[in-house]
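# Fold and contact review
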Amino acid sequence: MTAKRDFVPALGKSEFTNAYDKVIAVMTREKRWRPLVAKALALNPGETVVDIGAGTGSQAILLKTQTPGIRMIGIDPDPQVLAIARAKAEAASAAIEWHEGFGDEAHRHLGEGFADAVVSSLVLHQCPMEVKSGILASAYRLLKPGGRLVIGDYGLQRTFLMRTLFRQVQMADGFEYTQPNADGILNELIPAAGFAGLEERNVFPTHTGSISVYHAVKPA
Ligand SMILES: C[S@@+](CC[C@H](N)C(=O)[O-])C[C@H]1O[C@@H](n2cnc3c(N)ncnc32)[C@H](O)[C@@H]1O
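What comes next is a walk through the structure. Nothing here was measured: the structure is a model prediction, and the numbers come from that model.

## Re the nonpolar core
Counting 56 residues, the largest nonpolar core has V49, V50, V118, A139 and V150 as its most contacted members. If sequence neighbours within four positions are ignored, V49 has contacts with L43, L63, I70, M72, I73, A115, D116, A117 and V119.

Right under this line is the structure:
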């Protein structure tokens, strides 16, 4: 018998998942930072985009409604969030392909070298170190040469205030997985996965710490 893989649910515990969208709206001011992720992606009609750890689908739906001509694919290991995502996408008339699967295995589910862009928001901070690296490695394999990676997540917490506010996330998701993000590990892990031209395009302060928008490319 194969052991079932574990993951941290959207708000740390599965019983809180139904409250996820409301909590994120208030505690992260998502209406402000999600468009920054979309801007960094700079999507064009005809492009294929994969959202790793798509959760309840908020980022994927925003991207698909902003640029309807894209092929939008979302992948997440949690059937509970995917059910919410499907219902929201249907209500928004956003045709998105949803897949159940882990981000570090995304290339095995979806294929290799076909995506123009890969996005992942609020996922890496709640993953163990080997899964953070595994998701970035899988993103690299999904992308075509020259493809873009955009990560929107809690990154380096630069001030005492942001480090203190980020404790709320750490209490929900655990200190072991979240602290490396607060210490700036994404600045090391993204290039280590093979990506070039890493830029931290935005550092957006929220009530739960600062969210950084990272942009990098798979070398052509
Ligand atoms: C905080 S939620 C973020 C959801 C969504 N990306 C957003 O921006 O609202 C984190 C998501 O990561 C997913 N997740 C946890 N471990 C994962 C893994 N190893 N691979 C992919 N997704 C994972 C969870 O199921 C959850 O939906």
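## Some details on helix α7 (residues 160-173)
An ideal rise of 1.5 Å per residue puts 20 Å on 14 residues; α7 measures up with 20 Å between its terminal C-alpha atoms. For α7, the principal kink sits at R167 and spans about 30°. Taken as a whole, α7 has its buried residues at F166, V169, Q170 and D173. Of the residues flanking the end of α7, it is G174, one or two places downstream, whose phi is positive at about 95°.

## Some points on the environment of T56
Relative to the elements of secondary structure, T56 occurs in the loop between β1 (48-52) and α3 (58-66). Owing to 26 C-beta atoms within 10 Å, T56 belongs among the buried residues under this scheme. C-alpha of T56 to C-alpha of L41: the two residues are 15 residues apart in sequence and 20 Å apart in space. Those residues in contact with T56 that sit more than four places away from it in its chain are A10, Y20, D21, V81, I84, A85 and K88.

## Concerning the site of the ligand
Near the ligand you find 25 residues, and of these F7, G53, G55, G103 and S121 are the closest. Counting only elements with at least two residues in the shell around the ligand, the list comes to α3 and α6 (129-142). Here the residues of the shell around the ligand are counted per class, giving 15 nonpolar, seven polar and three charged.

## What to know about the pairing of strand β7 (residues 209-217)
Within β7, eight of the nine residues are buried, leaving the element largely enclosed by the surrounding structure. Here strand β5 (residues 143-154) runs beside β7; their pairing, made up of seven bridges, is antiparallel. Within the sheet, the bridge partner assigned to Y154 lies in β7 and is I211. One ladder, built from eight bridges, connects strand β6 (residues 196-206) with β7; its direction is antiparallel. Bridge pairing in β7 links P205 to S210. With antiparallel pairing between neighbouring strands as the criterion, β6 and β7 make up a hairpin whose turn holds two residues.

Rules and cut-offs
Residues numbered from 1 in each chain as written. Predicted model: local features only at pLDDT ≥ 70, side-chain atom pairs only at ≥ 80, totals over all residues. Core = buried A, V, L, I, M, F, W, Y, C linked by C-beta atoms within 7 Å. Buried ≥ 20, exposed ≤ 12 C-beta atoms within 10 Å, placed from the backbone. Contact = placed C-beta atoms within 7 Å. Helix = DSSP H or I, 4+ residues; strand = E, 2+ residues; numbered from the N terminus. Expected span 1.5 Å × (residues − 1). Bend = angle between axes of the 7 residues up to and from the residue. Near = placed C-beta within 6 Å. Nonpolar A, V, L, I, M, F, W, Y, C, P; charged D, E, K, R; others polar. Pairing = 2+ DSSP bridges.

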